[in-house]
Amino acid sequence: MQRHLVLRVTTKLLMPFILLFALYVQFHGDFGPGGGFQAGVIFGAGFILYALVYGIKNARLVAPDYVIRVLIAAGLLLYIGVGFAGLFLGGKFLDYNVLASDPVSGQHLGILLVELGVGVTVAATMITVFFAFAARGRDEG
Amino acid sequence: MDVLGLYNYWIVIVLMMTGFYVVISRGNLIKKVVGLNIFQTSVFILYISMGKIIGGTAPIVAPGVTVYSNPLPHVLILTAIVVGVATTALGLTLIVRIKEAFGTVEESEILQQRDDT
Amino acid sequence: MARQEGGRVIEILVDIVLLSFLAVMAVGILRLRNLFAVVMLSGIYSLISAGLFVTMDAVDVAFTEAAVGGGISTVLMLATLALTTDKEKEPLANLQIWPLLAVFITGAALIYGTLDMPSFGDPQAPIHLHVADRYVAEGPGATGVPNIVTAVLASYRSYDTMGELTVIFTAGIGVMLLLGAGSRRRKD
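My aim in this report is to walk through the structure given alongside it, one point at a time.

The rules behind the values
Residues numbered from 1 in each chain as written. Chains lettered and ligands numbered in written order. Predicted model: local features only at pLDDT ≥ 70, side-chain atom pairs only at ≥ 80, totals over all residues. Heavy atoms only, no water. Contact = heavy atoms within 4.5 Å. Buried area = accessible area lost by both parts, 1.4 Å probe. Salt bridge = Lys/Arg side-chain N within 4 Å of Asp/Glu carboxyl O. Polar contact = N/O pair within 3.5 Å; in protein donor to acceptor, adjacent residues only side chain to side chain. Helix = DSSP H or I, 4+ residues; strand = E, 2+ residues; numbered from the N terminus. Patch = residues over 30% accessible without salt bridge, like charges linked within 9 Å, V, L, I, M, F, W, Y side chains within 5 Å. Areas by Shrake-Rupley, 256 points an atom, 1.4 Å probe, with all protein chains shown as cover. 1 Å grid on protein atoms, 1.4 Å probe; cavity = no way out; pocket = protein on both sides within 12 Å on 5 of 7 lines; lining within 4 Å. Points joined across faces, edges and corners; volume = space filled by probe spheres on them.

1. Observations regarding the interface of chain B and chain C
- Facing the 78 residues of chain B at the interface are 87 residues of chain C.
- For the chain B and chain C pair, buried surface summed over both sides reaches about 7600 Å², with 76% attributable to carbon and sulfur atoms.
- Of all residues in chain B, Y21(B), K52(B) and I54(B) bury the most surface against chain C, accounting for 9% of the area lost on that side.
- At the junction of chain B and chain C, the tally comes to 5 salt bridges.

Written as structure tokens, this is what we have:
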């Protein structure tokens, strides 16, 4: 892919918009279509596009393995952490009503955090899976 | 008989059976995974069809709208799709490892090699 | 009123055309032996089903299916083809009698089962009479989130979503163990 100038330039132009769109889908998911699952996949797709065009080595510089590995666990931990936060604040597990001063904003905060956890884990998993496949190809070839 | 009202379910069954046939009749492991994906998508369509209300709209609250399609199947399928791709990835990983170990992704050749040894 | 009726007819027409496309795609996938073409067709299949989800009001689902089916899973399949092979070996027989029999019997039983199903889009179907009303009526007020799908996903059914996320986490770890870190470290 080193010589495909059009692809390289377009990718560079598109990257910020893809990532921004993923963030929009993530945080606007409360009001329109979207949410953690979709945002995670789009975010992952952005990195996959970058890795396809610029090579897995450069993509690894942007998203090093140890960071991605930590993020896979961090998203799930954030989700479970929100659950335990509800428990410690006097509610039930995953009860968002107690997270803020009134139940509705507590619910809203809880949903936002949980969706963030989903988004982080999904994005990191998609990136890991693709990197694993791509790296295997390079090692064998 | 209510042909229009049941058309969705019938196509779902056709897709489901096509996927099923690919899985049980084809020896190529990658093709089997694609067959499983067809089957999986047919189940998604089944759920979403059941959630649809004619004349309803997408379940995002807006002023002036009273009829919404059922949001519950949407939630179930939304998560199922992403879980589906994660498990597909795991299946493809196993195929890559099988190819490395046996040098083939055809079921018959793998069984042949196992019998030979 | 007439305009609304016309809208419904078009809705059902689009639905039927897209479903027929899907059936054609599935048969194409079954018959083709070039796995590259099969993967491309399955990507198109996913995109068409995403379109179908939009006509059935499941915008969130359509969004996910388009991103996952058209994007990630096609790329993963292509990566697998690059690591294995893109030609399927000739099967023993093109139409195999026992699998065909099993498929037809199962299909006939399922079609018999659909005869009792509620008609497509019927507002009085049992599925709409249980909890859905409550989600639609109370959800946005109780959670402050107008998108009912998000409200149900992250709040009413958050245990469910936690389980799903754990499955994704486990699958990611599985792929990492099978393909990733170990073999690379040996090379270094």
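Once you've had a look at it, read on.
2. Focus: the interface of chain A and chain B
- Taken together, the contact between chain A and chain B spans 11 residues of the former and 11 residues of the latter.
- Overall, the association of chain A and chain B removes approximately 860 Å² of surface from exposure, summing both partners, and the carbon and sulfur fraction of that is 80%.
- It is F37(A), F133(A) and R136(A) in chain A that bury the most area against chain B; as a group they hold 55% of the surface buried on that side.
- Residue R136(A) is joined to E100(B) by a salt bridge in which the shortest nitrogen-to-oxygen separation is 2.6 Å.
- The tally of links between chain A and chain B comes to 1 residue pair in polar contact (both at pLDDT 80 or more).
- Of all the secondary-structure elements, those providing two or more residues to the side of chain A that touches chain B are α2 (36–54) and α5 (103–140) of chain A.
- The dominant element in the side of chain A that touches chain B, judged by the number of residues it contributes, is α5(A), at 6 residues.

3. A few points about a nonpolar patch on the surface
All names here are of chain A.
- On the surface, L20, L23, F27 and L112 cluster together into a nonpolar patch covering about 350 Å² of accessible area.
- Take the nonpolar patch: its biggest share by element is 3 residues, from helix α1 (residues 5–28).
- Inspection of the secondary structure assignment puts L112 in helix α5.

4. Overview of empty space enclosed by the protein
- Summed over the entire model, instances satisfying the criterion amount to 4 cavities of 30 Å³ or more.
- Of the pockets and cavities examined, the largest cavity occupies roughly 200 Å³.
- Along the wall of the largest cavity there are 18 residues; nearest its centre are N37(B), S46(C), E65(C), G69(C) and S73(C).
- Elements that contribute at least two residues to the lining of the largest cavity include exactly α2 (29–51) and α3 (71–102) of chain B together with α2 (35–55) and α3 (59–83) of chain C.
- A per-element tally of the lining of the largest cavity places α3(C) first, with 6 residues.

The values are spatial; any link to function lies outside them.
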